[in-house]
Amino acid sequence: MTSVRLFFLALLALGLLPMTSPVAAQNERAPVYWDVHAPDRPTPPVVNPGPAPSAPAPVPEDAVVLFDGTDLSAWEHPDGSPAGWSVQDGAMVVEPGAGSIQTKEDFGSVQLHVEWAAPAEVEGDGQNRGNSGVFLMGAYEVQVLDSYQNETYADGQAAAIYGQYPPLVNATRPPGEWQTYDIIFHRPHFGADGSLVKPARMTVYHNGVLVHDHTTLTGPTAHQDRPPYEAHARALPLRLQDHGAPVRFRNIWLRRLD
Ligand code: MG
């Protein structure tokens with residue numbers, strides 16, 4: 001051990017240096033420096049992820065398949081009524097106005113694979129262009145948006161942890177092309193008294209490009225708000241958002257990590 005290191009250890013022992021908590025260290029990209037949806041927050045650099053795959057990605061044998069291109073049997077409207085989206089050409093398509101859909105089954109920590117495509121015909125701009133969302137546990141959104149040459153606030157573009165963290169880079173493909181999200185989600189843990197023991201964390205790849213590296217969430221995602229954590233069940237449905245755009249989804253599967 002070097003004498004410099006010993007010196008700092010001695011200072012630490014004397015309480016002369018602040019201890020850095022693991023949570024603070026995880027929050028190095030903490031949005032505390034930026035208001036929710038801050039218009040002056042820098043947008044990440046654009047990275048071309050390469051051409052879209054010609055076919056859906058392979059499915060691991062231990063995956064729970066939530067959509068294989070045929071039907072919506074794994075899904076329902078959040079009120080328990082049938083899912084109102086359509087199935088066309090092996091994809092399920094948001095039926096604007098039909099409401100969001102969620103899985104009938106509940107999940108906690110997962111490895112999730114989702115493929116999506118924004119409408120090929122560009123309509124609207126900003127948040128009104130190909131908006132949908134992948135909500136882990138129905139509460140923690142990875143934004144789906146046509147962010148190909150489409151400006152919006154940084155924490156609301158494609159692959160943002162909505163309202164909290166922009167992606168590290170913008171790896172969005174042109175509208176109409178298939179894109180992938182691979183998400184490793186660790187659910188939050190709560191104590192018996194409802195207090196937060198461990199925050200939720202996400203690692204996300206957009207089209208194979210790392211966009212969140214074990215990022216600690218500040219709480220549930222929300223529009224123009226950063227609400228605190230509220231204790232919830234260990235497993236909850238996965239939700240896909242109806243935000244008024246006919247976004248397509250295919251090849252949705254996950255692996256349980258709990
Ligand atoms: Mg959304």
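Residues numbered from 1 in each chain as written. Predicted model: local features only at pLDDT ≥ 70, side-chain atom pairs only at ≥ 80, totals over all residues. Heavy atoms only, no water.

### Remarks on the packing of aromatic side chains
Then, in step 1: Per the counting criterion, the structure on display carries six aromatic pairs.
Then, in step 2: Ring centres 5.9 Å apart and planes at 25 degrees place the aromatic pair Trp85 and Phe249 in the stacked group. Taken together, the residues Trp85 in the loop between strand E2 (75–76) and strand E3 (86–88) and Phe249 in strand E15 (residues 248–256) connect sequence positions 164 residues apart.
Then, in step 3: For Trp85, a relative accessible area of 5% gives the class buried. (Phe/Tyr/Trp six-rings, centres within 6.5 Å; stacked < 30°, edge-to-face > 60°. Helix = DSSP H or I, 4+ residues; strand = E, 2+ residues; numbered from the N terminus. Buried < 20%, exposed > 50% of the residue type's maximum accessible area, 1.4 Å probe, protein only.)

### Here we look at the nonpolar core
Then, in step 1: The biggest cluster of nonpolar side chains holds 47 residues, and the ones touching the most others in it are Val134, Leu136 and Phe249.
Then, in step 2: At the level of elements, strand E1 (64–67), strand E6 (110–117), strand E7 (132–136), strand E8 (140–144), strand E9 (179–186), strand E12 (201–206), strand E13 (209–216) and E15 are the ones that each hand at least two residues to this core.
Then, in step 3: No other element matches E6, which puts four residues into this core.
Then, in step 4: Beyond its immediate chain neighbours, meaning those up to four positions away, Val134 contacts Leu112, Val114, Tyr140, Glu141, Val142, Val144, Tyr181, Ile183, Leu238, Arg239, Leu240 and Phe249. (Core = buried A, V, L, I, M, F, W, Y, C linked by side-chain atoms within 4.5 Å. Contact = heavy atoms within 4.5 Å.)

### Remarks on the sheet that holds E2
Backbone-to-backbone hydrogen bonds pair the strands of a sheet. The strands run either parallel or antiparallel.
Then, in step 1: Taking strand neighbours across the sheet as the criterion, the five strands line up as E2-E5-E14-E7-E8 in an open arrangement whose pairing is antiparallel. Edge positions in the sheet fall to E2 and E8, since each has one partner strand and no second.
Then, in step 2: Sheet topology note: the E7/strand E14 (residues 239–240) ladder contains two bridges and is antiparallel. Its bridge partner being in E14, Phe135 is matched across the sheet by Arg239. (Pairing = 2+ DSSP bridges.)

### As for the coordination of the magnesium ion
Then, in step 1: The magnesium ion binds to the protein through Asn131 (OD1), Ser132 (O), Glu141 (OE), Gln143 (OE1) and Gln241 (OE1); the donor distances cover 2.2 to 2.4 Å.
Then, in step 2: Sequence positions of the donors to the magnesium ion reduce to the motif N-S-x8-E-x1-Q-x97-Q. Taken as a pair, Ser132 and Glu141 share a single burial class, namely buried. (Donors = N, O, S within 2.8 Å, 3.2 Å for Na, K, Ca; no water.)

### A word on a nonpolar patch on the surface
Then, in step 1: A cluster of nonpolar side chains, namely Ile184, Tyr205 and Leu257, defines an oily patch on the protein surface of about 220 Å² accessible area.
Then, in step 2: Mapping Tyr205 onto the fold places it in strand E12. (Patch = residues over 30% accessible without salt bridge, like charges linked within 9 Å, V, L, I, M, F, W, Y side chains within 5 Å. Areas by Shrake-Rupley, 256 points an atom, 1.4 Å probe, with all protein chains shown as cover. Salt bridge = Lys/Arg side-chain N within 4 Å of Asp/Glu carboxyl O.)

### Observations concerning the confidence of the model for the protein
Then, in step 1: This prediction gives the protein a mean pLDDT of 91; 88% of its residues lie at or above 70.
Then, in step 2: Counting contacts from residues 11–28, a segment whose pLDDT is below 50, to residues more than four positions away or on other chains yields 12 contacts. (pLDDT = per-residue confidence, 0-100.)

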